[in-house]
There are 2 protein chains.
Amino acid sequence: MTTGRTTPTKRADARRNEQVLLDAAAAAFVASGVEVPVRHIAARAGVGVGTIYRHFPTRADLVIAVYRHQVDACADAGPTLLAHADSPHQALSRWIDLFVDFLTTKHGLAAALQSDRAQFETLHAWFLDRLVPVCAELLQACVQAGQVRDDIEALELMRGVGNLCIGADERYDARRMVELLIAGLRATTQR
Amino acid sequence: MTTGRTTPTKRADARRNEQVLLDAAAAAFVASGVEVPVRHIAARAGVGVGTIYRHFPTRADLVIAVYRHQVDACADAGPTLLAHADSPHQALSRWIDLFVDFLTTKHGLAAALQSDRAQFETLHAWFLDRLVPVCAELLQACVQAGQVRDDIEALELMRGVGNLCIGADERYDARRMVELLIAGLRATTQR
DNA sequence: TCACGATACGGAGCAGCGTTCCGCTTCGCA
DNA sequence: TGCGAAGCGGAACGCTGCTCCGTATCGTGA
């Protein structure tokens, strides 16, 4: 607006720092979970906290940036699975598997997504925006094939699956619980 | 040990304050959720925060005290339901209903139970200790009646149900998700 | 090559959290 | 009624996410 041409692109050090930050955050998330303090990430990256907040206005933006590729991959897998699976239900089931994989391998991510702390609302919203349409497409195909009851919304299913993935450990197998949920989803002739 | 008889019971003001605190906490939980700051509860009760911490060494102890009666009632309902229901599965289903009722009517309680914040671990442990045996008894009866698959632990089911109750609102009906989970629990002849 | 404005950085500081600590007050028995 | 024990209040501590601004660095036009 003011100059418009002095520095058309980000400064080299800023670009470098952004990548350093993403790497440091990813490492910190693995080491200490997604709730690791911002200060720790800054220290690991060798920068001040101010630098983090300039690149990523809020914690959630940083988490989103770190996991963006994986979430995108999960979203993209939906149509592919639908096209190649034996049945819509199999496609849905496999896609849910991918989603559960993602959530359970990221220490504390599922819990962070559902935490009612305001800082994570953006994160929550972004995940849903990105993945709900994909889930809805799969679900719709299942319903049309008569393989799944028709009174469940994609949003509801996603949130249910996400919730089930919270706090998985050796005594709580989230995948098995999700399996139960998906089994319960099947269209039932008996009632 | 030292005196042993000077003051056999708590002082009157302490007993009074404990009740005031329980009432204030219950009101604060309803008004602002279980994550309401300790300072707010203290202010509502008209006491200092120190007073809260003498009566309830940690937040979790206060939450436990507030909900103790309701949790006890839920635990007691297990055997009763089992004795009077048409089938073990019906008893289990109704008992889970009670549990879901409890969790969803307490704003944020389910989330607090699963939060990985250390302060809530005691709370989480207490809930499970109290309710898992009851659930196990119901589940066992269902399995023996051949109504439910036999490879699910009570702890796992409880945690799954608890997780599903997190963040219920007008767009996410936790009860319906739990219904799916319980439906998925049924013993299946097909595979 | 260099000067200078735009850009980016670091970290002290703020507000809010749970929890601790200790000087003061109140209770209730002897 | 005196006095030791019990209880109370709230300042203070260490932690959090996040903001703000003086300082340092970059990169371009002269």
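Chain A is annotated in an unreviewed UniProt entry as TetR/AcrR family transcriptional regulator of Nakamurella leprariae.

Draft legend 1. The arrangement of the protein's contact with DNA strand C in detail. Taken together, 28 residues form the shell around DNA strand C, and within it Arg11(A), Asn17(A), Gly50(A), Thr51(A) and Ala12(B) come nearest. A share of 59% is what sugar and phosphate atoms reach among the atoms of DNA strand C within 4 Å of the protein. A distance of 2.6 Å is found between a phosphate oxygen of DNA strand C and a side-chain nitrogen or oxygen belonging to Thr51(A). Of all the secondary structure elements, the ones that give two or more residues to the surface near DNA strand C are helix 1 (12-32) and helix 3 (49-55) of chain A together with helix 1 (12-32), helix 2 (38-45) and helix 3 (49-55) of chain B. Residue contributions to the surface near DNA strand C peak at five residues, all from helix 3 of chain A. Per-class residue counts for the surface near DNA strand C are nine nonpolar, 10 polar and nine charged.

Draft legend 2. Here's a closer look at empty space enclosed by the protein. Residues and elements named next belong to chain B. For the structure on display, the rule yields four cavities of 30 Å³ or more. When its volume is computed, the second largest cavity comes out at roughly 110 Å³. Phe-99, Leu-113, Leu-128, Met-158 and Gly-162 are the residues nearest the centre of the second largest cavity, which is lined by 13 residues in total. At the level of secondary structure, the elements contributing two or more residues to the lining of the second largest cavity comprise helix 5 (88-105), helix 6 (109-114), helix 7 (121-144) and helix 8 (154-164). Considered class by class, the residues forming the lining of the second largest cavity number eight nonpolar, four polar and one charged.

So, how was this worked out
Residues numbered from 1 in each chain as written. Chains lettered and ligands numbered in written order. Predicted model: local features only at pLDDT ≥ 70, side-chain atom pairs only at ≥ 80, totals over all residues. Heavy atoms only, no water. Near = heavy atom within 4 Å. Polar contact = N/O pair within 3.5 Å; in protein donor to acceptor, adjacent residues only side chain to side chain. Helix = DSSP H or I, 4+ residues; strand = E, 2+ residues; numbered from the N terminus. Nonpolar A, V, L, I, M, F, W, Y, C, P; charged D, E, K, R; others polar. 1 Å grid on protein atoms, 1.4 Å probe; cavity = no way out; pocket = protein on both sides within 12 Å on 5 of 7 lines; lining within 4 Å. Points joined across faces, edges and corners; volume = space filled by probe spheres on them.

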